[in-house]
Amino acid sequence: MIRQPIITVLGHVDHGKTSLLDAIRSSRVAEREAGAITQHIGATELPLSTIKETAGPLIEKFGFNLKIPGLLVIDTPGHEAFTNLRKRGGSIADLAILVIDAMQGIQPQTIESINILKANKVPFIIAMNKIDMLHFYSSKEGSFLANLASQNENVKRQFDEKLYTVVGQMFENGFNSERFDRCEFGKQIPIVPCSAKTREGLPEIITLLAGLSQRYLEKELEISENEVAKGAVLEAKEEKGLGKTIDVIIYQGELKVNDEIAVIGKNGIIRTKIRALLQPKPLQEMRDTKEKFSSVKSVFAACGVKINAPNLDDVLVGSTITQVRSEEDITKLKEEINESTFSCDHEGLIVKADAIGSLEAIINLFKKENICIRKTDIGNVTRKDVMEALATQCTAPLYSVVIAFNVTIDKEAEKEAEEKGIIIFSNKVIYKIIEDYKIWVEKCKKVEKDKDMACLIWPVEFEVLPGKLFRNNKPAIVGVRINEGKLKVGWNVMNKSGEIVGKVTGIQNNGKELKEVTKGEEVAISIDEGNIGKNLFSGDKLYSCIPISQYCDLEKYSSDITVDEQEIFTKIKQIKASKNSTE
């Protein structure tokens, strides 16, 4: 027996995931019509009859012999839904659609999607969406191949240029890809140009989803009525008159009312009995009554269902749900909990997420960036999280923040964070959190670097200008030109013999007091111990007197000084070394 493949949609923000999903789901919208689309909890079923009606000629063209009963498309697009489609060792998703905007190409969240699919070993096709936005192309509903054939050669050439931009970007990310009709299936990722707006290319997308599932996933889709039912918790929420319910995608076996089930909760395994299995009423029936759900006696994989049962308050979204026939089923679930316990570093970030799957995804992506994680948990950000982040402010300031993915922040936590200066990075997009955190880290490092650099004496060479001797001593005031580097008030300066002339106590230009001057500027400076005719002469070349203790720090920041300044630094070290050797 073969079940429907479970399909999910991923891609970058605003590339048209939801629009494409809506277009696929509305391939047949007639209500109560035989063979029409069936709405599940959290998913939409496209039966085989709808697939054949939408894409029959293309299925024959590509030689796909369909035996699958249909497609089960997950309703919520994006990372959040995908990461909750968990099962032991991977994802319950059988196939994914990666949506790429034809105008923008691959973007940060596209790469993140690719990495998540790669990590979970989920095969995918590419929907190159928004081809209706290409100024040279006239998009219309129906088959992409049929429409392209009607375009002139110039349009076809421009279209190929746009498509091969995406092919090149995919290659840069480790994948060979090609337009679906030129594609070597199994070796290349098929790209389907499409438009969610005009509905062009939908027959090709549905053909590939059904055909590739049949050809390459048939073994994985085989199920038995005797198998223990298993599923993934997509959502947990309160329903009026029902209390806490869980929305589940069942990918194996059959579940019945009164079956005992086990699911992972915040404090371990929750065992309970099913009171009711609920599925959405057809649209017409929903208009006729206030009740949204119909009660069913049993459900069979693959499907989406709402489960009403006692003690579901602490269920973890993204966790596995299993039918309990023996204690062995509980043992397997316990093993899964142990595998899902994330190893943490001694030092690192505090990460809070809404579900196990989200937590896994964000941890993997942070670790790819070599960012350590000290503590992980599911649920809202609390005052305790803020206090734990505060504890590392002195020892590891760059880790003294809280990462909050798709969760709310308690008011107490918000107040404490504001008072103690703890930043909470909160977002519903994983890559944005990581990006924001990395930008913040770079800013902090720059502030720290600027502070360190401000304490250093930098290499400078300047010369006393002939005829610009304004005061002999206490302090000596002379006109100078900066040949290389920058000069600051407070620095000691020396002559070419390594003898300290004195400290620069002031810098002026046209009567205006300055703190520092740079290469090419001519200014008047005062030197406290300078004495014209004794240790200070017209035409003298003077240098900053850099303490030997600062040499290492200056070398650390060598990328911040010019090649000429580095030469002056080398000269200063030689002058000081020569002076020390003669003493």
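Going by the structure above, here's the rest.
A few points on the structure. (Residues numbered from 1 in each chain as written. Predicted model: local features only at pLDDT ≥ 70, side-chain atom pairs only at ≥ 80, totals over all residues. Heavy atoms only, no water.)

**As for helix α10 (residues 356-368)**
Short version of the rule: What counts as a helix is a DSSP run of H or I of at least four residues, what counts as a strand is a run of E of at least two, and both are numbered from the N terminus. A helix's residues, less one, multiplied by 1.5 Å, set its expected span.
In this model α10 runs 18 Å from its N-terminal to its C-terminal C-alpha over 13 residues, within 8% of the 18 Å that 1.5 Å per residue would give. Positive backbone phi, at 60°, marks N370, one or two positions downstream of α10.

**A short note on unusual backbone geometry**
With an omega dihedral of -5°, the bond running from A301 to A302 counts as a cis peptide bond. Here the bond from K474 into P475 is cis, since omega is -10°, no more than 30 degrees from zero. Looking at the secondary structure, you find P475 in the loop between β25 (460-471) and β26 (476-488). Unusually for a residue other than glycine, N258 sits at a positive phi of about 80°. Positionally, N258 belongs in the loop between β13 (254-256) and β14 (260-265).

**Quick word on the pattern of salt bridges**
Quick reminder of the rule: Definition used for salt bridges: Asp or Glu carboxyl oxygen within 4 Å of a side-chain nitrogen of Lys or Arg. Burial classification: accessible surface area is computed with a 1.4 Å probe over protein chains only, and a residue below 20% of its type maximum counts as buried, one above 50% as exposed, and the rest as partly exposed.
Under the criterion given, the structure shown has 34 salt bridges. With a shortest N-O distance of 3.4 Å, E153 and K156 are connected by a salt bridge. Of the two residues, E153 and K156 both sit in helix α6 (residues 153-172), three residues apart, roughly one turn of that helix. Judged by its relative accessible area of 25%, K156 falls in the partly exposed class. The network of salt bridges with common partners includes D160, E178, R179, D181 and R182.

**Focus on the sheet that holds strand β23 (residues 402-405)**
To be explicit about the condition: Strand pairing follows a simple DSSP-based rule, namely that at least 2 bridges must link the two strands. Interaxial angle, 0 to 180 degrees, is taken between N-to-C directions of lines fitted to C-alpha atoms, where a helix line uses only the stretch in contact. Whether two residues are in contact is decided by their heavy atoms: any pair within 4.5 Å suffices.
Taken together, four strands build an open sheet; the order of strands is β22-β21-β23-β24 and the sheet is parallel. The open sheet has two free edges, formed respectively by β22 (373-378) and β24 (424-427), since each of these has just one partner strand. If you compare each strand with its neighbour and ignore which way they point, the axes differ by 15° on average. Pairing analysis gives five bridges linking strand β21 (residues 349-353) to β22, with the strands arranged parallel. Bridge pairing links V351 to T376 in β22. Sheet strands in contact with helix α13 (residues 430-454) are β21, β23 and β24, and its direction is about 150° off that of β24.

**Overview of the sheet that holds strand β17 (residues 293-296)**
Strands sit in the order β15-β14-β20-β11-β12-β19-β16-β17 across an open sheet of eight strands; the sheet is antiparallel. If you trace the sheet from one side to the other, it starts and ends with β15 (268-273) and β17, each paired once. Adjacent strand axes in the sheet meet at a mean angle of 40° when their direction is disregarded. Where β14 meets β15, six bridges bridge the pair, whose relative direction is antiparallel. Note on β15: the bridge partner recorded for I261 is T272.

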